[in-house]
Amino acid sequence: MTPAPGDLGAILLAGGRASRVDGAAKPLFDVGGRTLLSAAVSAVTDAAARPITVVAPVLDETLPVAWVREEPPFSGPAAAVVAALASWADENDPTWTLLLACDLPGVVAAVRRLVDDIPLLPSDSDGVCLADASSRPQWLIGAYRTRALRDAASVLPLGGRDAPMRELLDDLAITVVTAPDDLTRDVDTWEDLEEARRRAAHAQEEPS
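A brief report on the enclosed structure follows. This structure is a prediction, so every number in the text was calculated from the model and none was measured.

Criteria and thresholds
- Residues numbered from 1 in each chain as written.
- Predicted model: local features only at pLDDT ≥ 70, side-chain atom pairs only at ≥ 80, totals over all residues.
- Heavy atoms only, no water.
- Helix = DSSP H or I, 4+ residues; strand = E, 2+ residues; numbered from the N terminus.
- Rg over C-alpha atoms; globule rule 2.2 N^0.38 Å.
- Buried < 20%, exposed > 50% of the residue type's maximum accessible area, 1.4 Å probe, protein only.
- Contact = heavy atoms within 4.5 Å.
- Areas by Shrake-Rupley, 256 points an atom, 1.4 Å probe, with all protein chains shown as cover.
- Lys, Arg positive; Asp, Glu negative; His and termini not counted.
- Charge placed at Lys NZ, Arg CZ, Asp CG, Glu CD.
- Salt bridge = Lys/Arg side-chain N within 4 Å of Asp/Glu carboxyl O.
- Core = buried A, V, L, I, M, F, W, Y, C linked by side-chain atoms within 4.5 Å.
- Pairing = 2+ DSSP bridges.
- Axes fitted to C-alpha atoms, helices over the stretch in contact; angles between N-to-C directions.

Observations concerning the overall build of the protein
Along its length, the protein carries seven helices and nine strands. The globule rule puts the C-alpha radius of gyration for 208 residues at 17 Å, and the 16 Å found for the protein is close to it. Dimensions of the protein, computed from C-alpha atoms along their principal axes, come out at roughly 45 × 40 × 35 Å. Buried positions account for 49% of the 208 residues belonging to the protein. Partitioning the contacts of the protein with sequence separation of at least 6, the portion at a separation of at least 24 is 73%. As presented, the protein carries roughly 10200 Å² of accessible surface, and 51% of it is formed by carbon and sulfur atoms. Mean positive and mean negative side-chain charge positions of the protein (18 and 32 charges, respectively) differ by 1 Å.

Notes on the pattern of salt bridges
According to the stated counting rule, one finds 15 salt bridges in the structure shown. With a shortest N-O distance of 3.7 Å, arginine 147 and aspartate 151 are connected by a salt bridge. Here aspartate 151 and arginine 147 lie together in helix α4 (residues 146-154), a separation of four residues that amounts to about one turn. Exposure remark for arginine 147: the relative accessible area of 44% places this residue in the partly exposed category. Assessed through its relative accessible area of 43%, aspartate 151 is described here as partly exposed. Among the ionic pairs, aspartate 182 bridges to arginine 199, the shortest N-O distance being 3.6 Å. You can see aspartate 182 sitting in helix α6 (residues 181-184) and its partner arginine 199 sitting in helix α7 (residues 190-205), a full 17 residues away along the chain. With relative accessibility at 38%, the residue arginine 199 sits in the partly exposed group. Salt bridges sharing common partners tie together Asp182, Arg185, Glu195, Arg198 and Arg199.

Some words on the nonpolar core
With 36 residues, the main nonpolar core has Leu12, Val44 and Val111 as its most contacted residues. Secondary structure elements with two or more residues in this core: β1 (8-13), α1 (36-46), β4 (52-55), β6 (96-101), α3 (107-117), β7 (127-131) and β8 (137-145). Among the elements that take part in this core, α1 stands out by supplying six residues, more than any other. Those residues in contact with valine 111 that lie beyond four places of it in its chain are Ala43, Val44, Ala47, Leu98 and Leu100. Counting residues in each nonpolar core, the second largest holds 26 residues, with Leu13, Val81, Ala148 and Ala163 among its members.

Description of the pairing of β4
Alternating positions in β4 separate into two faces, Ile52 and Val54 on one and Thr53 and Val55 on the other, with burial throughout. Pairing of β1 with β4 involves four bridges; the strand directions are parallel. The partner of isoleucine 11 across the bridge, within β4, is threonine 53. Relative to strand β5 (residues 66-68), β4 is paired through three bridges, and the arrangement is parallel. Its bridge partner being in β5, valine 54 is matched across the sheet by tryptophan 67.

Observations regarding the sheet that holds β4
Taking strand neighbours across the sheet as the criterion, the seven strands line up as β5-β4-β1-β6-β8-β7-β9 in an open arrangement whose pairing is mixed. Of all the strands in the sheet, the pair left with one neighbour each is β5 and β9 (174-178). Taken pair by pair, the neighbouring strands of this sheet meet at an average axis angle of 20°, ignoring direction. Here five bridges tie β7 to β8, and the two strands are oriented antiparallel to one another. Considered in β8, the bridge of glycine 127 is made with tyrosine 144. Together, β1, β4, β5, β6 and β8 form the strand contacts of helix α2 (residues 77-86), whose direction differs from that of β1 by roughly 140°. Helix-sheet contacts for α4 involve β6 and β8, and the interaxial angle to β8 is about 110°.

In short, geometric facts, not functional conclusions.
What follows is the structure, encoded as structure tokens:
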């Protein structure tokens, strides 16, 4: 049984420096005919997530999302999560929050996997995240209890400024699930982008 409407929100992180692609806006890279950001928004919208907050400067005014910025800008993913949560009204919190980087070509399948895994979690679990083939957790491909995220964010020094995600999530009971590379592969370099485009083109050429 997947989360009911109102039980799921989403925080999308799209405001990094992207130094390995010369500072380009990675979320706006086109892969398979749409941007990585648009794909992420579509994936969480299809999962009935609400609210949907993107932490970044406004990159695409046509998307049905709220935009916030971490303070100061470029102070890291933990600060971005703190900023997004601060923009939500506590009394309207969803039970679960999808937390996703916006450089994932396989975001649709990744969100589907996370949503399907939520009902299977132990009752005392604070969330689930996917791991790559080497079993390394990918904290920014996860679904977490919103209350647990809020509690963790509330005790981060300096609002999470320059803190790694591990520091935000360190005291949470998170189930880590190894997933296929197609779900966890991100776009960090120009070579990654070309590979993602080749894979998308190949998938579109395959007969349905």
